[in-house]
Amino acid sequence: MVTEVDKSTEANKATNRRFYEEVINQKHLAVLDEVASTNYVSHSFPPGLPPGREGLKAFVGSFHAAFPDGHLSIDQMIAEGDTVATRLTFRGTHTGNFMGIPPTGKNVTVPALDMARYADGKLVEHWGGPDQMSLMQQLGVVPIPGQAS
């Protein structure tokens, strides 16, 4: 027997998948208006971004500009109640400015872990993201311990 909770959990997973496929991979930022709440909260954004959904648009847009060929693969997705956990892999080429780092032309493969909470079918809260240390090491901004510089 499928319960309302099961239907809600599956709907949250579908919306979560839509975020990655349409917003991140297909670069349709306007879809954020459909999948994220106006009062969206990120617990992981770098400082200086506006609050809410507009901050999410700014963050995703900056990633698109820095890694225009970027693509996220969903490796695993687990949902319980109103929360969806996703393990992902981001691949892309750094050809645009990223957080003050000029383009390096380097290809990166970065693991990511996201926890997203949904309410009324919309993304309302987020924790996690790409492994920033791995990204910075691959861009050559942070040295890899044990390797000569």
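Rules of the game
Residues numbered from 1 in each chain as written. Predicted model: local features only at pLDDT ≥ 70, side-chain atom pairs only at ≥ 80, totals over all residues. Heavy atoms only, no water. Salt bridge = Lys/Arg side-chain N within 4 Å of Asp/Glu carboxyl O. Helix = DSSP H or I, 4+ residues; strand = E, 2+ residues; numbered from the N terminus. Buried < 20%, exposed > 50% of the residue type's maximum accessible area, 1.4 Å probe, protein only. Pairing = 2+ DSSP bridges. Axes fitted to C-alpha atoms, helices over the stretch in contact; angles between N-to-C directions. Contact = heavy atoms within 4.5 Å.

(A) Fine view of the pattern of salt bridges. According to the stated counting rule, one finds eight salt bridges in the structure shown. Taking the shortest distance from any N to any O, the salt bridge between Glu22 and Arg18 comes out at 3.0 Å. Of the two residues, Glu22 and Arg18 are both situated in helix α1 (residues 4-25); the distance of four residues between them amounts to about one turn of the helix. The partly exposed category is assigned to Arg18, whose relative accessible area is 27%. Via salt bridges that share partners, Asp33, Arg53, Glu54 and Lys57 belong to a single interconnected network.

(B) Region of interest: the sheet that holds strand β4 (residues 107-119). Strand order in the open sheet made by the five strands is β1-β5-β4-β3-β2, with mixed pairing throughout. The outermost strands of the open sheet, each flanked by one partner alone, are β1 (36-42) and β2 (71-80). Neighbour-to-neighbour, the strand axes of the sheet open up by a mean angle of 25°, direction not taken into account. In this sheet, strand β5 (residues 122-130) lies alongside β1 in parallel orientation, the contact comprising three bridges. For Ala36, the partnering residue across the bridge sits in β5 and is Leu123. Strands in contact with helix α3 (residues 52-66) are β1, β3 (83-93) and β5; relative to β1, the strand with the most contacts, it is inclined by about 75°.

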